[in-house]
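So the chains spell out like this:
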Amino acid sequence: CRRYLSDYPDTAHLRELLAVLCAAYARLGEYDGGLEYLKGLAARTTDAERARAVEYAVVDLVFRRREFTKAVERLETLLGKTPETAPELPEVLFLYGLSLYYSGLFEKAASVFTRIQTDKTFGVKSTLYLSECLLELGKTDLSQRLVDGVLAEHSQSQYYPYSLFL
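Quick caveat, the model's predicted, so the values are computed rather than measured. (Residues numbered from 1 in each chain as written. Predicted model: local features only at pLDDT ≥ 70, side-chain atom pairs only at ≥ 80, totals over all residues. Heavy atoms only, no water.)

Before going further, it helps to examine the nonpolar core. In terms of nonpolar packing, the biggest core is built from 47 residues, with Leu 5, Leu 18, Leu 38 and Phe 113 touching the most fellow members. Setting aside residues no more than four positions away along its own chain, Leu 38 makes contact with Leu 18, Leu 21, Cys 22, Val 54, Ala 57, Val 58 and Leu 61. (Core = buried A, V, L, I, M, F, W, Y, C linked by side-chain atoms within 4.5 Å. Buried < 20%, exposed > 50% of the residue type's maximum accessible area, 1.4 Å probe, protein only. Contact = heavy atoms within 4.5 Å.)

Shown next, in the form of structure tokens:
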């Protein structure tokens, strides 16, 4: 990935390559090396959309490193730079919600997960995490209704239970 990014810095597949790169660094436990590389890449990036993609990769590594409070701070900054129409917004919001959840900020996490509940990619996962937040907040009836709704919607699918995560 690093070589490809060096040879083709203007690739249209930047987000995908950065996701693979982050997963590889995380699997190897080389968080510091990954962050150093990404900081160098960020310094060479002038386009705003590409800069957001690199910053998201940095936050992804920070999250994978289990530094959830730092991830929340960086994601709040990134969300301030991300237009409402940006195609990556649901993904950024989902990671923000996860970071809040794992930081123990269940009320704020619930608000974020509610915002992306209807998203095609993150809707079911965000609803399940929303249910978990509601459980943590003592709202067990509402949590159960959410889970029941998701199960009812997907149990008719020929791909159930896998359809929950498609």
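Counting all residues, the mean pLDDT for the protein chain is 89, and 94% of those residues have values of 70 or more. In the model of the protein chain, helix α1 (residues 2-7) stands out as the element of lowest mean pLDDT, 82, in contrast to helix α7 (residues 106-115), which has the highest, 97. (pLDDT = per-residue confidence, 0-100. Helix = DSSP H or I, 4+ residues; strand = E, 2+ residues; numbered from the N terminus.)

Spanning 14 residues, helix α8 (residues 123-136) covers 20 Å between terminal C-alpha atoms, matching the ideal 20 Å at 1.5 Å per step. All of the buried residues in α8 are Gly 123, Val 124, Ser 126, Thr 127, Leu 130, Ser 131, Cys 133 and Leu 134. Looking at the buried residues of α8, the elements they touch are α6 (89-102), α7 and α9 (140-154). Taken from the residues just after α8, Gly 138 is the one with a positive phi, measuring 85 degrees. (Expected span 1.5 Å × (residues − 1).)

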